[in-house]
Amino acid sequence: MITDAVCAQITIRPITQEQIPAAKETIISAWNEVFGTDRTVEGWEKHGHFDDLNDVEHKFISFFVLLDEGAVVGTAGIKPLGDGICELKRMWLLKPYRGKGWGGKLLDSLVADAITHGFKHMRLEVWMPQRQQLALNFYQRHGFYEIPAYRESREGALFMAKSLEC
């Protein structure tokens, strides 16, 4: 259980090059827990699934990590889509950090950064909603609503958006 004393050690920061390997491990760990798989960083690298994170400075407007005493325990970033729209990507938290408000703080940090960069809307994809009900509920609580697909994806994926304007 995360105590108030431990919470003082948790921070949200822009990712550094040195934190990218740990961010990949966090993403894979959370993915495997949510989807019941045994994926590996090496497997994802082989299939190009981390190409964006390998080029974080050019592929993302912002990419933040949630750190607990320096260890990466959560990730999220935003990518530009055009016309004042950005996309929330790679929002993953390790299980002990879910349901404690850290996801909301991470999202708030990205929303503030998106507004600073002039974005008016944020979109996201819930890849497999039937397995991501907690994430779906989280996004709805934070003002996201369902929209039509804005790109090709797997059948059953759910697309959402949120206005960043007051």
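Residues numbered from 1 in each chain as written. Predicted model: local features only at pLDDT ≥ 70, side-chain atom pairs only at ≥ 80, totals over all residues. Heavy atoms only, no water.

Novice: Could you give an account of the confidence of the model for the protein chain, with specific residues and numbers?
Specialist: Looking at the protein chain, the pLDDT average stands at 92 and 95% of residues meet or exceed 70. Within the protein chain, no element has a lower average pLDDT than helix H1 (residues 4–7), which sits at 48, and none a higher one than strand S6 (residues 145–147), at 97. Note on residues 1–6: pLDDT is under 50 here. Beyond four places in sequence and across chains, it has six contacts. (pLDDT = per-residue confidence, 0-100. Helix = DSSP H or I, 4+ residues; strand = E, 2+ residues; numbered from the N terminus. Contact = heavy atoms within 4.5 Å.)

Novice: Could you give an account of helix H2 (residues 20–35), with specific residues and numbers?
Specialist: Taking 1.5 Å of rise per residue, 16 residues should cover 22 Å, and H2 covers 22 Å from first to last C-alpha, within 8% of that figure. Looking only at H2, the buried set comprises Ile-20, Ala-23, Lys-24, Thr-26, Ile-27, Ile-28, Ala-30, Trp-31, Asn-32, Val-34 and Phe-35. The inward-facing, buried residues of H2 contact helix H3 (41–46), helix H4 (51–54), helix H5 (56–59), strand S3 (71–82) and strand S4 (85–93). Of the residues trailing H2, Gly-36 is marked for its positive phi of about 65°. (Expected span 1.5 Å × (residues − 1). Buried < 20%, exposed > 50% of the residue type's maximum accessible area, 1.4 Å probe, protein only.)

Novice: Tell me about the environment of Asp-108, and please be specific about residues and values.
Specialist: Following the sequence through the fold, Asp-108 ends up in helix H6 (residues 102–116). Among the residues examined, Asp-108 registers a relative accessible area of 47% and is labelled partly exposed. Along the sequence, Asp-108 and His-142 sit 34 residues apart, while their C-alpha atoms lie 9.2 Å from each other.

Novice: So what's going on with the nonpolar core? Which residues, and what values?
Specialist: Counting residues in each nonpolar core, the largest one holds 28 residues, and the members touching the most others are Leu-88, Met-91, Leu-107, Met-122, Tyr-139 and Met-160. Taken together, the elements giving at least two residues each to this core come down to strand S2 (62–68), S3, S4, H6, strand S5 (121–126), helix H7 (133–141) and strand S7 (158–163). Discounting chain neighbours no more than four positions away, the residues touching Leu-88 are Ala-76, Gly-77, Ile-78, Leu-107, Leu-110, Met-122, Arg-123, Leu-124 and Tyr-139. Counting residues in hydrophobic clusters, the runner-up holds 21 residues, among them Ala-23, Val-56, Phe-60 and Val-65. (Core = buried A, V, L, I, M, F, W, Y, C linked by side-chain atoms within 4.5 Å.)

Novice: Can you lay out the side chain of Glu-87 for me, pointing to particular residues and giving the numbers?
Specialist: Looking at the secondary structure, you find Glu-87 in strand S4. At 2.6 Å, the side chain of Glu-87 forms a polar contact with the side chain of Arg-151. Among residues more than four places away in sequence, those in contact with Glu-87 are Gly-77, Ile-78, Lys-79, Leu-81, Arg-123, Leu-124, Tyr-150 and Arg-151. (Polar contact = N/O pair within 3.5 Å; in protein donor to acceptor, adjacent residues only side chain to side chain.)

Novice: So what about the environment of Gln-17? Which residues, and what values?
Specialist: If you trace the backbone, Gln-17 turns up in the loop between strand S1 (10–14) and H2. Each C-alpha atom, one on Gln-17 and one on Lys-89, is 18 Å from the other, the two residues being 72 residues apart in sequence. Residue contacts for Gln-17: discarding those within four places in its chain leaves Val-56 and Glu-57.

Novice: Account for the sheet that holds S1, naming residues and giving values.
Specialist: Spatially, the seven strands line up as an open sheet ordered S1-S2-S3-S4-S5-S7-S6, and their pairing is mixed. Two strands close off the open sheet at either side, each with one partner strand: S1 and S6. Across the sheet, the mean angle from the axis of one strand to that of its neighbour is 30°, orientation sign disregarded. Pairing geometry for S5 and S7, over six bridges, is antiparallel. Across the sheet, Met-122 pairs through a bridge with Lys-162, a residue of S7. Sheet strands in contact with H2 are S3 and S4, and its direction is about 90° off that of S3. Where H7 meets the sheet, it contacts S4, S5 and S7, and its direction lies at approximately 20° from that of S7. (Pairing = 2+ DSSP bridges. Axes fitted to C-alpha atoms, helices over the stretch in contact; angles between N-to-C directions.)

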